[in-house]
Structure formats: C-alpha cells, structure tokens
Amino acid sequence: MKKKQVVIVLVVIVGILALGIGYAAIATQGFRINGNLSSNVDASQFNVRFTGTPSTNVGSTGATASATLDGTDTNGRTANLSVSGLTAKDQTVTATYNIINNSASLKANLGTPSITVPNDDYFTVTTEYANAELAANGGTTTLTVTVRMKKTPIDPDDTKLSSAVTITFDATPDNA
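Below: a short report on this structure. (Residues numbered from 1 in each chain as written. Predicted model: local features only at pLDDT ≥ 70, side-chain atom pairs only at ≥ 80, totals over all residues. Heavy atoms only, no water.)

## Details of the sheet that holds strand β9 (residues 139–149)
Pairing between sheet strands relies on hydrogen bonds along the backbone, with the strands arranged either parallel or antiparallel. Reading across from one edge, β1-β4-β9-β7 is the order of the four strands in this open sheet, with antiparallel pairing throughout. For this open sheet the edge positions go to β1 (48–57) and β7 (123–129), each flanked by a neighbour on one side alone. Averaged over neighbouring strand pairs, the angle between their axes works out to 20 degrees when direction is ignored. (Pairing = 2+ DSSP bridges. Helix = DSSP H or I, 4+ residues; strand = E, 2+ residues; numbered from the N terminus. Axes fitted to C-alpha atoms, helices over the stretch in contact; angles between N-to-C directions.)

Structure below.
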C-alpha cells in the first residue's frame, strides 16, 4: 500500500511538472527586432569662428598694427594681421582675436597653432590662447599673437626686413 501511495504521489508530481513545462512552452513566446542604423555627418552642427573686433597693442614702439577679420570669409575663420615700424630688438606688438563656439551641443578644442615666418631673421611670432577648450553654445576664448623683433635692423636694403606670416590652427569637435 505504501508503494502504491508513493507511486501515486510520484505520478501526480510528474503530471504537475509536465503541465507546468507544457504551459510554459505554450505561454512563452520570443520576439526579435532586426534592423540597421546609420547616421550622417552634418558639418553645420560644428560652428567655431572668429567674432567681434580684434584689438592691437603697439606699446611704446612707435609701430603700427592692424588686426581685422576677413569680411569675404563667410565661415568667419580667416583674419588678417599687419605690423610695421618695429625698429629695435625686443620691441613687441600684440594682436588679440576673439573666438566663439556657436555649436549647440559640441565642445571645441583648439589645436596648437602652426606659425610660418619665411624671413625669420628679424621676427619671432608666438601665440597664446586664454583657453584652448570652448564650451558648447557660446563658449569663447581669445588668441593673442605676439610679434617680437629678434635684432635691431641696421641695413635698410636688407630684404629680410619684411616677411609674410601665416598662423593656422584647427578646432576639433568634442561630444563630451
């Protein structure tokens, strides 16, 4: 009799398990979504440019300096610098340019400027940012360009008394 009860209990347990597994197999249904995602780069989302009016400082050198933004560059990324009248070693002139990040959600990191002065016998040109990282949506900084005389000119016919200058730098977007 005991054996019969054990067998009945086992049959009931197996039956309950079979129903539970069968019900779970019927009630559980898997779902899946497959697809592809893509995006496009919209260059207009990153907008860093010169802004305002650049300023110059000739100190007591007697030199003249002009710093302007290039009105023909609709992107606002070209400026001009003209310095004349430096006459003695260590005289300096500075020009300060304002830079703004108009990007709605991208920070901007300004790269180290590359400076080219083909006739560098007399001139040293250096640059310095107030801050090389601009916050999104209106972050600003300044770039100060300093022109220094390396030596006092003595020969008025020296062709290296004048030189072109080119300063280039990049703004890199940052999502952080």
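## Section: the nonpolar core
With 23 residues, the main nonpolar core has Val 48, Leu 86, Tyr 97, Ile 99, Leu 110 and Phe 123 as its most contacted residues. Of all the elements in the fold, those that place two or more residues in this core are β1, β4 (92–101), β5 (107–110), β7 and β9. Not counting the four nearest positions on each side in its chain, Val 48 is found in contact with Asn 75, Arg 77, Ile 99, Ile 100, Asn 101, Ala 108, Leu 110 and Ala 171. (Core = buried A, V, L, I, M, F, W, Y, C linked by side-chain atoms within 4.5 Å. Buried < 20%, exposed > 50% of the residue type's maximum accessible area, 1.4 Å probe, protein only. Contact = heavy atoms within 4.5 Å.)

## Notes on the packing of aromatic side chains
Under the definition given, this model contains three aromatic pairs. With a centroid separation of 6.3 Å and 85 degrees between ring planes, the pair formed by Phe 50 and Phe 169 is classed as edge-to-face. Of this pair, Phe 50 sits in strand β1 while Phe 169 sits in the loop between β10 (166–168) and β11 (171–174); the two residues are 119 residues apart in sequence, bridging distant segments of the chain. Both rings, one in Tyr 129 and one in Phe 169, keep their centres 5.8 Å apart while their planes meet at 80 degrees; by these two values the pair is edge-to-face. (Phe/Tyr/Trp six-rings, centres within 6.5 Å; stacked < 30°, edge-to-face > 60°.)

## Looking at the side chain of Gln 91
Here Gln 91 is to be found in the loop between β3 (79–84) and β4. Judged by its relative accessible area of 15%, Gln 91 falls in the buried class. Side-chain polar atoms of Gln 91 contact the backbone nitrogen of Ala 88, separated by 3.0 Å. The contact partners of Gln 91, leaving out residues within four places of it in the chain, are Thr 61, Leu 86, Val 147, Arg 148 and Met 149. (Polar contact = N/O pair within 3.5 Å; in protein donor to acceptor, adjacent residues only side chain to side chain.)

## Some thoughts on the pattern of salt bridges
A pair can form between side chains of opposite charge whenever their charged atoms are brought close. One pass over the structure, following the stated rule, counts three salt bridges. The partner of Asp 121 in a salt bridge is Lys 160, with the nearest N and O atoms 3.4 Å apart. Taken as a pair, Asp 121 in the loop between β6 (114–116) and β7 and Lys 160 in the loop between β9 and β10 lie far apart in primary sequence, 39 residues in all. With relative accessibility at 31%, the residue Lys 160 sits in the partly exposed group. (Salt bridge = Lys/Arg side-chain N within 4 Å of Asp/Glu carboxyl O.)

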